[in-house]
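Listed below, chain by chain, are the residues.
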Amino acid sequence: MFSGEFTYETTIHDKKENVWEFFLYTRNLEKLSGFPKVKVVDGERTEEGETIQLQIKGGLVSPVWEARITEVNEGNYFIDKGEKLPFPFITWQHIHRFIEEDNMTIMKDEVAYTSWLPPAVVKTGLKRNV
């Protein structure tokens, strides 16, 4: 078993309250996904205790990714933890932070995970999808 972490920042040219509102609705994840495409199967809002179920559509198989929103700090961040994860992941925790800066929003994603594959292999696969 291997563990890894990574942080990814995205600048969004909109006010934090608008960005937060967008991320409150899980269906908007479908609008953001590149490859592989993500389909929200269950879960409507980013609320503490909500379970979000995603189907990952990227090839011959379409694994399901299930995560629970474990913490929400209104307007600032929310945390999801993987409950049912596709290979190679064993655990997954994702903090989505929203920081306002000059009428823009910095969205900072902080991920910690364990997997069956070494971090270098996982990062290569994840970079293709970011």
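The following refers to the structure shown. Computed from a predicted structure; not experimentally measured.

As for the sheet that holds strand β7 (residues 104-115)
Moving on, step 1. The strand order across the open sheet formed by seven strands is β1-β7-β6-β5-β4-β3-β2, and the pairing between neighbours is antiparallel. Sheet topology places β1 (2-12) and β2 (37-42) at the edges, where each strand pairs with a single neighbour. The average angle at which neighbouring strand axes cross in this sheet is 25°, direction not considered.
Moving on, step 2. Pairing of β1 with β7 involves eleven bridges; the strand directions are antiparallel. Within β7, the position partnered with F2 by the bridge is S115.
Moving on, step 3. Sheet strands in contact with helix α1 (residues 16-23) are β1, β4 (64-73), β5 (77-84), β6 (89-101) and β7, and its direction is about 150° off that of β6.

Here's the deal with the packing of aromatic side chains
Moving on, step 1. Within the structure shown, the criterion is met by eleven aromatic pairs.
Moving on, step 2. Ring geometry for W20 against F78: centres 6.1 Å apart, planes inclined by 70°, an arrangement best described as edge-to-face. Highlighted residues: W20 in helix α1 and F78 in strand β5, separated in sequence by 58 residues.
Moving on, step 3. A relative accessible area of 5% means that W20 is categorised as buried.
Moving on, step 4. Put simply, the rings of F6, W65, F89, W92 and Y113 touch in pairs and so form one group of aromatic residues.
Moving on, step 5. Sitting above the plane of the Y77 ring, R97 keeps its charged end 5.5 Å from the centroid.

Conventions used here
- Residues numbered from 1 in each chain as written.
- Predicted model: local features only at pLDDT ≥ 70, side-chain atom pairs only at ≥ 80, totals over all residues.
- Heavy atoms only, no water.
- Pairing = 2+ DSSP bridges.
- Helix = DSSP H or I, 4+ residues; strand = E, 2+ residues; numbered from the N terminus.
- Axes fitted to C-alpha atoms, helices over the stretch in contact; angles between N-to-C directions.
- Contact = heavy atoms within 4.5 Å.
- Phe/Tyr/Trp six-rings, centres within 6.5 Å; stacked < 30°, edge-to-face > 60°.
- Buried < 20%, exposed > 50% of the residue type's maximum accessible area, 1.4 Å probe, protein only.
- Lys NZ or Arg CZ within 6 Å of the ring centre and 35° of its normal.

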